[in-house]
Every structure is written in C-alpha cells, then in structure tokens.
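# Architecture and fold: a report
Listed below, chain by chain, are the residues.
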Amino acid sequence: MEALRHLNVVNKVCQELENHIEGLGDKDLAEFLISLATDAPTFDAFKAALAENDAEFSDAFASNLYRVIHKLKSGGGGGGAGAKDAPARGDGKP
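Residues numbered from 1 in each chain as written. Predicted model: local features only at pLDDT ≥ 70, side-chain atom pairs only at ≥ 80, totals over all residues. Heavy atoms only, no water.

What follows is about the nonpolar core. In this structure, Val 13, Leu 17, Leu 33, Phe 46, Leu 50, Phe 57 and Leu 65 are the most contacted members of the largest nonpolar core, which totals 22 residues. Residue contributions to this core peak at seven residues, all from helix α4 (residues 59-73). Beyond its immediate sequence surroundings of up to four residues, Leu 17 is in contact with Glu 22, Leu 24, Gly 25, Asp 26, Leu 29, Ala 30, Leu 33, Phe 57 and Phe 61. (Core = buried A, V, L, I, M, F, W, Y, C linked by side-chain atoms within 4.5 Å. Buried < 20%, exposed > 50% of the residue type's maximum accessible area, 1.4 Å probe, protein only. Helix = DSSP H or I, 4+ residues; strand = E, 2+ residues; numbered from the N terminus. Contact = heavy atoms within 4.5 Å.)

A separate point is the packing of aromatic side chains. One pass over the structure, following the stated rule, counts three aromatic pairs. An angle of 85 degrees between the planes, with centres 5.1 Å apart, marks the rings of Phe 57 and Phe 61 as edge-to-face. Judged by relative accessible area, Phe 57 falls into the buried class, the value being 17%. By relative accessible area, Phe 61 is classed as buried at 6%. (Phe/Tyr/Trp six-rings, centres within 6.5 Å; stacked < 30°, edge-to-face > 60°.)

What follows covers the pattern of salt bridges. This structure, assessed with the given rule, holds three salt bridges. With its nearest N and O atoms 3.4 Å apart, the salt bridge here joins Glu 2 to Arg 5. Here Glu 2 and its partner Arg 5 are both found in helix α1 (residues 2-20), three residues apart, which amounts to about one turn of the helix. Given a relative accessible area of 48%, Glu 2 falls into the partly exposed group. Linking Lys 12 and Glu 16 is a salt bridge whose minimum nitrogen-to-oxygen distance equals 3.2 Å. Of this pair, Lys 12 and Glu 16 both sit in helix α1, four residues apart, roughly one helical turn. Looking at Lys 12, the relative accessible area reads 27%, which means it is partly exposed. (Salt bridge = Lys/Arg side-chain N within 4 Å of Asp/Glu carboxyl O.)

Moving on, we get to α1. Over its 19 residues, α1 runs 27 Å from end to end, which matches the ideal 27 Å to within 8%, given 1.5 Å per residue. Those residues of α1 that sit buried are Val 9, Val 10, Val 13, Cys 14, Glu 16 and Leu 17. With its buried residues spanning 165 degrees around the axis, α1 presents them on a single face. More than 90 degrees from the buried face of α1, the exposed residues found are Leu 4, Asn 11 and Asn 19. (Expected span 1.5 Å × (residues − 1). Arc of directions from axis to C-beta.)

As structure tokens, then:
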C-alpha cells in the first residue's frame with residue numbers, strides 16, 4: 001500500500017510540475033522534490049532546500065508542492081474536494 005501511495009505522490013508532483021512549467025513533469029525531478037519535502041520539517045526548510053539546489057520556484061508554487069506532498073504522503077487526498085469538511089446534514093440526505 002505504501003508503494004502505491006508513493007506512486008500517487010510522484011504522479012501528482014509530475015502533474016503539478018507539468019502544469020506550472022510545461023515540459024518539466026519529470027519523474028526524477030518529482031522524486032527529488034518529494035525527498036526534499038519529506039526531509040524538511042517546515043515549509044521554510046523546504047524553501048531553503050530548494051534555494052540550495054538552485055530551484056527558482058515561486059513561493060506560491062513551492063508552498064503548493066510542499067502541501068500536496070505532505071498531504072498525500074500522510075494518506076490524505078482522494079474523496080473529492082471538501083468531502084471530509086462537509087457538515088453532516090442530519091436528515092439522511094447526501
């Protein structure tokens with residue numbers, strides 16, 4: 001199950017890279033970014049690691065990558081937008 005989760009994270013990071021910088025959806029780069037984000041205890045540490053490796057990503061994009069990686073690595077994701085946050089109706093209707 002862990003291997004499947006990791007593949008999901010790699011695919012999502014590749015997709016984010018491709019969406020942000022066309023032609024940059026490289027699996028090896030995604031793996032490297034996942035490693036940096038996993039090793040970084042905070043976003044600031046991740047941002048510093050990116051800077052040390054000459055990655056010139058905007059703060060917004062770097063923050064999004066960090067959030068996505070940590071969410072998916074922890075088993076989050078799936079279920080659609082807001083599925084966990086939707087309040088229960090209490091009337092038995094979906």
